[in-house]
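Topology and contacts: notes
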Amino acid sequence: NIFRDTSFCTDALVAQAKVYRMREDWPEVIRHTNAVLQYRGSHKGCLMMRADAHYQQGLFDACKQTIAQIYRTFPDDKEASALYKRVKKVGKLRAKAEKLAKDNKVRQAVAEYKKIANMEDLGNKEVERETVRTLCTSCHQVEKWQEAVEWCTKGLGMEGEGDVGLLTALAESYLKLERLEEAEAEARKILGFQGNNRAAHTILQQVQKLRKLAERKNYYKILEVPREVDEADVKRAYKKLARKWHPDKNPENREEAEKMFHDIAEAYEVLTDPEKKRLYDAGEDPNDPNARARANPFGAGFGGGGGFQQGGFRFHQGGQRF
């Protein structure tokens, strides 16, 4: 016991604790600082190292307790105060974000997680990794595809390319953005780790389908709506664009307007007809009778007349107003 209390032994243990801190081996930092504090309970260097190790492990209450020990001997210590403020801020933000997520208020939770990720003095790799991962999956969940790409990419840079969860969210986000090459590349990375991964195979199938669709008219782009659009939004988009491109309103470029007006009406007809939309989304031509026959072999048919006369708009060469 006398030997342990010597300055030489204390310095050796402190030096070992510093080495483990450089290696980010936090349990060993705590073990070695505890060995010193058992005999020199007010050793400020060891108390700060232990408090920081608790913080790095996400043990915020234990960190605050150690800082309280520092305050008993060093009540005005600036280093301890700075760490306490940081721990308190991160803990408060994380608790708020987790509660919002639990209440299914994911968009609001994302805003709180961003505050943590963007803290200049965060100084905690584990909290940063967890936060970035959560932002990746949460942005994907609320269909913020571009943000999901950014956070998932950052997360993979921190976790390594073998994180299948992050790769899947990234690949699906690329797919939603119709960045097909990137989506395919990430899906193939997943299959390199998990050959039977169903999500990756589904992504590759969707990529092939979208490439096939790209060879034809893209009705979603024509109406300037996303693929997840509902019928009400399709109607609103149609009315807006039909007014904009009506040939009577474009006498100086009537030929282009006629083509655009026709394409807009065609897109509207397909995307507001459930069966035609299903065929279109499946990669079939909804206006091809053979495609309809393949999808409906018993001859139920689609019914209805020809022409594009939806929503009260009619296009005639004579220029009828609407």
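Quick notes on the rules
- Residues numbered from 1 in each chain as written.
- Predicted model: local features only at pLDDT ≥ 70, side-chain atom pairs only at ≥ 80, totals over all residues.
- Heavy atoms only, no water.
- Helix = DSSP H or I, 4+ residues; strand = E, 2+ residues; numbered from the N terminus.
- Buried < 20%, exposed > 50% of the residue type's maximum accessible area, 1.4 Å probe, protein only.
- Contact = heavy atoms within 4.5 Å.
- Areas by Shrake-Rupley, 256 points an atom, 1.4 Å probe, with all protein chains shown as cover.
- pLDDT = per-residue confidence, 0-100.
- Disulfide = S-S within 2.5 Å.
- Axes fitted to C-alpha atoms, helices over the stretch in contact; angles between N-to-C directions.
- Parallel < 35°, antiparallel > 145°, perpendicular 65-115°, else oblique.
- Left-handed = near helix turned anticlockwise from the far one by under 90°.
- Nonpolar A, V, L, I, M, F, W, Y, C, P; charged D, E, K, R; others polar.

A closer look at the overall build of the protein
The helix and strand inventory of the protein stands at 16 helices and 0 strands. Looking at the protein as a whole, 40% of its 322 residues qualify as buried. In the protein, the proportion of contacts linking residues at least 24 apart, taken out of those at least 6 apart, comes to 52%. Summed over all atoms, the accessible surface of the protein reaches about 18500 Å², with 48% contributed by carbon and sulfur.

A look at the confidence of the model for the protein
The predicted model of the protein has a mean per-residue pLDDT of 87, with 88% of residues at 70 or higher. Contacts for the low-pLDDT stretch residues 297-322, under 50 throughout, to residues beyond four places or in other chains number 39 contacts.

Side note on the state of the cysteines
For the structure on display, the rule yields 1 disulfide. Disulfide partner of Cys-136: Cys-152, at an S-S distance of 1.9 Å. Its torsion about the S-S bond being 80°, the disulfide of Cys-136 and Cys-152 is classed as right-handed. Of the two residues, Cys-136 sits in helix α7 (residues 125-141) while Cys-152 sits in helix α8 (residues 145-159), which places them 16 residues apart along the sequence. Across the pair, exposure class does not vary: Cys-136 and Cys-152 are buried alike. We note that Cys-139 lacks a disulfide partner, and the nearest cysteine sulfur, in Cys-152, lies 8.0 Å from it. For Cys-139, a relative accessible area of 0% translates into the label buried.

What about the packing of helix α5 (residues 78-102) against helix α6 (residues 106-117)?
Orientation of α5 relative to α6, taken along the N-to-C sense of each, is 160°, at an axis distance of 8 Å. Here α5 is positioned roughly antiparallel relative to α6, judged by the angle of their axes. Helix-helix and strand crossings are classified by hand; for α5 and α6 the assignment is left-handed. Counted together, Val-90, Leu-93, Arg-94, Lys-96, Ala-97, Glu-98, Leu-100 and Ala-101 of α5 and Val-106, Gln-108, Ala-109, Glu-112, Tyr-113, Lys-115 and Ile-116 of α6 form the full contact between these two elements. Taken together, the residues of the contact of α5 with α6 break down into 9 nonpolar, 1 polar and 5 charged.

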